[in-house]
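Next come the chains, spelled out residue by residue.
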Amino acid sequence: MKLIYFAWLRMRVGLAEENVTPPGHVRDVQSLLEWLKTRSPGHAAALKEMSVVRVAVNHEYVPLGHPVKQDDEIAIFPPVTGG
Amino acid sequence: MKLIYFAWLRMRVGLAEENVTPPGHVRDVQSLLEWLKTRSPGHAAALKEMSVVRVAVNHEYVPLGHPVKQDDEIAIFPPVTGG
Amino acid sequence: MIRVQQEDFDVGKEIAALSEGRREIGGVCCFVGLVRDIAGGAKVDAMTLEHYPGMTEKQLEAIDAEAQRRWPLAASLIVHRYGRLEPGERIVLVVTASAHREAAFEACHFLIDWLKTKAPFWKLEDTEHGAQWVAARDSDDKAAARWVENTGSTGKVK
Amino acid sequence: MIRVQQEDFDVGKEIAALSEGRREIGGVCCFVGLVRDIAGGAKVDAMTLEHYPGMTEKQLEAIDAEAQRRWPLAASLIVHRYGRLEPGERIVLVVTASAHREAAFEACHFLIDWLKTKAPFWKLEDTEHGAQWVAARDSDDKAAARWVENTGSTGKVK
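What counts, and where the lines are drawn
Residues numbered from 1 in each chain as written. Chains lettered and ligands numbered in written order. Predicted model: local features only at pLDDT ≥ 70, side-chain atom pairs only at ≥ 80, totals over all residues. Heavy atoms only, no water. Contact = heavy atoms within 4.5 Å. Buried area = accessible area lost by both parts, 1.4 Å probe. Salt bridge = Lys/Arg side-chain N within 4 Å of Asp/Glu carboxyl O. Polar contact = N/O pair within 3.5 Å; in protein donor to acceptor, adjacent residues only side chain to side chain. Helix = DSSP H or I, 4+ residues; strand = E, 2+ residues; numbered from the N terminus. Nonpolar A, V, L, I, M, F, W, Y, C, P; charged D, E, K, R; others polar. Pairing = 2+ DSSP bridges. pLDDT = per-residue confidence, 0-100. Buried < 20%, exposed > 50% of the residue type's maximum accessible area, 1.4 Å probe, protein only.

A separate point is the arrangement of the chains. Contacts are most numerous between chains C and D, taken over all 3 pairs of chains that touch. Nothing in chain A touches chain B, and the closest approach of their C-alpha atoms is 29 Å. Where chain A comes nearest to chain C, the C-alpha atoms are still 10 Å apart, and the two do not contact one another.

Counting residues at the interface gives 36 residues for chain D and 36 residues for chain C. With both sides pooled, the region where chain D packs onto chain C buries about 3,000 Å², and carbon together with sulfur makes up 55% of that total. Scanning the region where chain D abuts chain C turns up 6 salt bridges. Salt-bridge contacts for aspartate 113 of chain D lead to arginine 101 of chain C; the nearest nitrogen and oxygen are separated by 2.9 Å. Along the contact surface separating chain D from chain C lie 17 residue pairs in polar contact (both at pLDDT 80 or more). Going through the elements one at a time, α1 (11-19), β2 (27-34), α3 (101-118) and α4 (138-145) of chain D are the ones with two or more residues in the side of chain D that touches chain C. Residue classes in the side of chain D that touches chain C are distributed as 16 nonpolar, 8 polar and 12 charged. Pairing analysis gives 7 bridges linking strand β2 (residues 27-34) of chain C to β2 of chain D, with the strands arranged antiparallel. Bridge pairing links glycine 33 of chain C to glycine 27 of chain D in β2 of chain D.

Here the focus is the confidence of the model for chain C. Residues and elements named next belong to chain C. Taken over all residues, the pLDDT of chain C has a mean of 93, while the share at 70 or more is 95%. pLDDT under 50 marks residues 153-158. Its contacts with residues more than four places away, or in other chains, come to 13 contacts. With pTM at 0.93, the complex prediction returns an ipTM value of 0.92.

In regular strands, side chains alternate between the two faces of the sheet. Residues and elements named next belong to chain B. Of all 5 residues in strand β5 (residues 73-77), 5 are buried; the element is thus mostly enclosed. Burial along β5 is two-sided: Glu73, Ala75 and Phe77 facing one way and Ile74 and Ile76 facing the other are all buried. Bridge analysis of strand β1 (residues 2-5) against β5 gives 4 bridges, and the strand direction is parallel. Counterpart to lysine 2 in the pairing with β5 is glutamate 73. Two elements, strand β3 (residues 54-57) and β5, share 4 bridges in a ladder whose sense is antiparallel. The residue of β5 that forms the bridge with alanine 56 is alanine 75.

It is worth spelling out the interface of chain D and chain A at this point. If you look at the interface, chain D gives 26 residues, while chain A gives 20 residues. A combined buried area of about 1,800 Å² lies between chain D and chain A, and 60% of that area is made up of carbon and sulfur atoms. Among the residues chain D hides against chain A, the three largest losses belong to Tyr52, Trp122 and Trp133 of chain D. Together they make up 36% of the total. At the surface where chain D touches chain A, the tally comes to 2 salt bridges. Of the charged contacts in the structure, one is a salt bridge between glutamate 50 of chain D and arginine 10 of chain A, with a shortest N-O distance of 2.3 Å. At the junction of chain D with chain A, the criterion picks out 11 residue pairs in polar contact (both at pLDDT 80 or more). For the side of chain D that touches chain A, the secondary structure elements donating two or more residues are β4 (42-51), α2 (55-70), β7 (90-98), α3 and β8 (121-127) of chain D. Per-element accounting of the side of chain D that touches chain A gives the leading share, 5 residues, to α3 of chain D.

Right under this line is the structure:
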């Protein structure tokens, strides 16, 4: 699946995007984020404070229980500050 | 005193403005309007329905009890409809 | 700032002039009133706006000063036209600028609601049924009544 | 209608284009967001707006459609810029046009409040203390929360 990071989350992860194939137990956003934290200290730092992490699957905001599939585009970012 | 009329009030009175010297008992807006009604059928028609008559003395809205003086500029008009 | 004029105004230029070099401004709200081609079901060919020179300026100045007192505005502007206007033409412009968008929105809304019930303008519509003076609307009175200050309150009356 | 672009926009032209020939429009409300030179007490030299191409357009389209559904609008427009902007520059434009001013005001206010908490943009400020990502504000969440629909209600939540 394609992961995209924005703003300070991107800077902490150290990547703008990456393609990953998570293990089989990763079936929803929650388990994806837990698994991502184990990938690098950057990932762990970026995802430490979950209250400021937002997730969109295929351009739609989703809650932590939302399922994720291998062909999804999953964006992970802080609360938005446009306007 | 100088009287000025606007909108349909002006058309009913048949005058845009007039200078008048009311009798001594005319001391406030209420008594001025009552006296004006006696000046012509046009005045009477214009001032018949008091709920749609507004009065400004020297450019300020005033209530019926407001005093009037000989050197006042008194405007009489319907509710405003600008904007 | 207020202006009463016969000629049209340029919304973009007015906004730009008001906010020019004022870098504390975070939000500008504006309202433009236009002549509609329909009134009470009748087709409108044109409208003539009559006003009371002298009182108009005085009332608009007072309304503008009240907005400045009640909201933290960096700048505000009212431009109101008079004379003959055709459908689609601009009648009135209100612009408010503030560090914060909430103040800009509320003050702009207040200004247009307030001036509709206070500024001495009268509309005469040329309709297919002849010339008709526009009647004041209850909804305008109600809209203005929202902004009447309660003791100790400065915002929009809920 | 929505647009996401790097270049500036002309407020007057956008409003004119939106209301051109639409003679049922009685009121146009617009909001322009500008870059301020101060943020949290620190001087701001410039700001860079990052966004999520694809999702940005989709979210803005959805927000615009929601305004059209909830208010009787003749037209609406959102233009949001991205990239590097200096103090005084325009960031965002929202324009709403309706037969009635109340709908124009409410929908415009809704659109800016709503997009501030939904459109995927992030601001990086160049301040005298270095580059800082702008934090989301509680006041923006509260402003947006006003517009959450109650069952059976379509207006502003009181």
